[in-house]
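# A closer look at the structure
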Amino acid sequence: MAESYNVKEIEAKWQARWESEGLYQVDNDDPRPKAYVLCMYPYPSGAAHQGHVRNYTFGDLIVRYRTMCGEAVLSPFGFDSFGLPAENAAIKTGIHPRFFTDARIGELKESVKRLGAVYDWRRELKSHDPSYIKWSQFIFTKFFEAGLAYKKNAPVNWCPGCQTVLANEQVLPDGTCERSGDLVIKRDLEQWFLATTQYAEELLSGLDALEWPERVKTMQRNWIGKSQGTKFKMAIAGTDDLFLEVFTTRPDTTFGMTYAVISPEHPQLDNLTKDAFRAEVEGFRIDATDRSEIERQSTEVNSKVKRGVFTGSYAINPFTGKEVPVYVADYVLMGYGTGAIMAVPGEDQRDYEFAKIYGLPIIRTVQPPDDFDGEAYTGPGPKINSDWLNGLDVDEAKAKATEFLVSKGLGEATIQYRLRDWLVSRQRYWGCPIPIVNCPNCGLVAVPFEQLPVLAPDDVEFLPTGDSPLASHPTFKYTTCPNCGEEAIRETDTMDTFVDSSWYFLRFCDPGADTVPFSTEAVATWMPVDQYIGGIEHAILHLMYARFFTKALADLGYVPSRIREPFKRLFTQGMIRLGGSKMSKSKGNLIAPTKYFDTVGADSLRLFHLFVGPPADDFDWSDQTEDVIDGCFRFLNRVWRIALGSAESFPGVTIKIEDRAADVRDKEILRLTHRLIAKVSQDYERWSYNTAVAALMEFTNSLYRYAGSGAQQETFDLAVDTLIKLLAPMAPHISAEIWDRRNGGLVHAEAWPTPDPELVKSDRQTLVVQINGKVRDKIEVDPEIGEDAAISLVLASAKVQQALGGKDVKKTIVKLPKMVSLVV
RNA sequence: GCCCGGGUGGUGGAAUGGUAGACACGGAGGACUCAAAAUCCUCUGCCCCCAAGGCGUGCGGGUUCGAGUCCCGCCCCGGGUACCA
């Protein structure tokens, strides 16, 4: 593409200037109103990819826009630099993960700078930096002291071939190891947990006040999974001391229990299993525990997989006194409720599937509606087949059933959460070491502050065998107890990288702090984050963990107590897909942004990401995408020509400036200018950047017509300068250059324009006439028109009369000034 | 499986329950040019020779004077599913 403005020169020039002028460096004592705008810090996988570009384009737009609105905007950048990919690379090549990570941080930073996104780089942080590790570890020790970090046994994916723990990602759908192909099994290991469940209730209730996308809040609510229910004990037939305790959300359905189920991991399973059934139960148990949870929870009928076996024991239904068989089945998980259930196939679909396979009876205890043709019925209705509950509705019956169990001393009403404590142990090298020492005398002891950070040794071998490189290191593991000085064993697990990302936004407020992780005052100045921006894929885990950390740190006194939530507003952007799946380095389907920086420039690429669709929607990259990017470049060139056309001459562009009094043409463009300010400002606020770009394009088209037909200097200048200001947060380089050439100075230091409400008002209106819901005529009217006048105008229309065909108007609906609807 | 989204011209998309398709890409035509590129202008949902008109927002129902938008049931595509981040 020829005949265009000099992209490379202009973009390089302004990037250097923004950095040297420090327009976007903010100090904690800045007098302006404060705002904190943050994009989720990235895992450094090399040069920025399109997902990053999209993310930082939105973030940068907001930073520049809010700055023009007069705020001091904190806009920091950092790197989530621990993680599995660097360690995998180390195993493959033998080169230390830090080497990869540092190189990739360099590439990412370079490409982010070429995007023209501005940050306060003085605040940059990296989670693998010892100064960051130190404080991640400090927080962990505080959690440990507060009882929020603890150790217990938990099953992990174990590959017998590699002799190592696998991430879920490394286990293929068929249950084998992606590296060795061995069948992955579950193995119990002692693991560190953070007690997220202690905050379950607040994590749930806190969502209400957040300005987050509804779908994200819904996902989090479902994830926490609060359910009101009843726990009760059932006697085991033929024994005096054996009980099975179950949890149910439907105590009203107890009369419909036709069997009970115990989880394969349940400690009581062994006691409940009769000898004749032991071999089969044991075989099933081993098989089921190695299956993934997703597979186990599936209700899809798969004849190859055994869903459960009979244990030989019978439980006694406390409502009927009748015996029901106790099965062990894969779909009941030990981690939820009591690890055992009463099964009511009539009202639970998973129980229904199971009962069908094993020929167990199905009794309905709620009368479904006549037109119900499903299997299990979970809706409302009167109780049936339930003796003294018959006729009650479900809620009444739940209360009465629970009352009965309580009165018999068998059970109680309880609240269960689906949320589990957070398993943070990782048997890996490239992560933040857990700062705990295990002393034979003192037990688990936190490494004291003076000895932090605990850093992993560099002289390790990265082999795809054995335990974590830390566990097999000759000296790292062996230390002395900070308490008693005796020989002790150091914890060799590292932390989940979600730990690092759970507090980095706090550190950004005070990145240099060296006696505390961050000062409470600095956090009070900036937190909560006013606008957080990131991918929808983080809707649950990262956002939940960060919320948990904020609450826990507030309770420990590090975060001001009024700040209970880290992110006031959240925006989740859509993903870039190529060939149907998420664009990512691991999938190898990247379209690198760098090539566009060298041709059409960062401004065009940014504009493309803003223009191509709603920011929240996914976008499919296709063959035609390049044409759209070229289209954005063409638009910027059109702006360049019209804005600078009176000083230079461009082919095809005529700017006729006339020295005359204002006339209709000037009034019209002035009106359009003010409507544009209103439209773009509104679209900026509601995350509708694609329509904001469209409005700028439309206005530019009008401006061409205006300039060609004869323009007044003053009006023309106002129109152009407004256009440039409105464009400045989107395409900052070209806007800065045009502004500087026309007016001198920095467009990004200009105040955001405000529209004149009088000029925004429309002076004409199309009134639509509908007859029986179909559009039959359109009439130009005064926007202030009254109802009677509108109806007479409508009835006077020949088209309307023709469409009415002499029929009587039964009803008239008037929505002025847009529509009159006649019903005949 | 479960939880959460999405589906509108050839393409990306626009549309407080009220004119479906703004803006752009692609395509067609024209101006400029020796010619091309660049630029500027016009047209462009489908059916119909044109018009009048009809049909159209994944599929099937429903609510409403009026449904892309709200409700119910499907189909397809994507995200998450606790050790990818």
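The coordinates are above.
None of these values were measured; they are calculated from a predicted model.

### Notes on the overall build of chain A
Looking only at helices and strands, one finds 26 helices and 32 strands in chain A. Seen along its three principal axes, the alpha-carbon backbone of chain A occupies a region of about 105 × 85 × 50 Å. Burial statistics for chain A: of 824 residues in total, 52% are counted as buried. A separation of at least 24 residues holds for 72% of the contacts in chain A among residues at least 6 apart in sequence. When the accessible surface of chain A is summed, it comes to about 36,100 Å², and 50% of that surface belongs to carbon and sulfur atoms. One finds the centroid of the 92 positive side-chain charges in chain A at a distance of 3 Å from the centroid of its 113 negative side-chain charges.

### A word on the pattern of salt bridges
Per the stated rule, a full pass over the model turns up 51 salt bridges. A salt bridge links R660 to E658; the shortest N-O distance between them is 2.7 Å. Judged by relative accessible area, which is 27%, E658 ranks as partly exposed. Linked by salt bridges that have partners in common, E202, R547, K551, D555, R564 and E565 make up one network.

### Thoughts on the side chain of E565
Mapped onto the elements of the fold, E565 is located in the loop between α16 (541–555) and β23 (570–573). Taking relative accessible area as the criterion, E565 reaches 13% and is therefore assigned buried. A distance of 2.8 Å separates a polar atom in the side chain of E565 from a polar atom in the side chain of R547. At 2.8 Å, the side chain of E565 forms a polar contact with the side chain of K551. When sequence neighbours within four positions are dropped, the list of residues in contact with E565 reads G206, L210, P528, R547, T550 and K551.

### Considering the pairing of strand β12 (residues 323–329)
For β12, the tally of buried residues reaches 6 of 7 residues, placing the bulk of the element in the interior. Note: strand β10 (residues 259–262) against β12, 3 bridges, orientation parallel. The residue of β12 that forms the bridge with I262 is V328. As judged from the 6 bridges shared by strand β11 (residues 308–316) and β12, these two strands associate in the antiparallel manner. Note on β12: the bridge partner recorded for I316 is E323.

Rules used in this analysis
Residues numbered from 1 in each chain as written. Chains lettered and ligands numbered in written order. Predicted model: local features only at pLDDT ≥ 70, side-chain atom pairs only at ≥ 80, totals over all residues. Heavy atoms only, no water. Helix = DSSP H or I, 4+ residues; strand = E, 2+ residues; numbered from the N terminus. Buried < 20%, exposed > 50% of the residue type's maximum accessible area, 1.4 Å probe, protein only. Contact = heavy atoms within 4.5 Å. Areas by Shrake-Rupley, 256 points an atom, 1.4 Å probe, with all protein chains shown as cover. Lys, Arg positive; Asp, Glu negative; His and termini not counted. Charge placed at Lys NZ, Arg CZ, Asp CG, Glu CD. Salt bridge = Lys/Arg side-chain N within 4 Å of Asp/Glu carboxyl O. Polar contact = N/O pair within 3.5 Å; in protein donor to acceptor, adjacent residues only side chain to side chain. Pairing = 2+ DSSP bridges.

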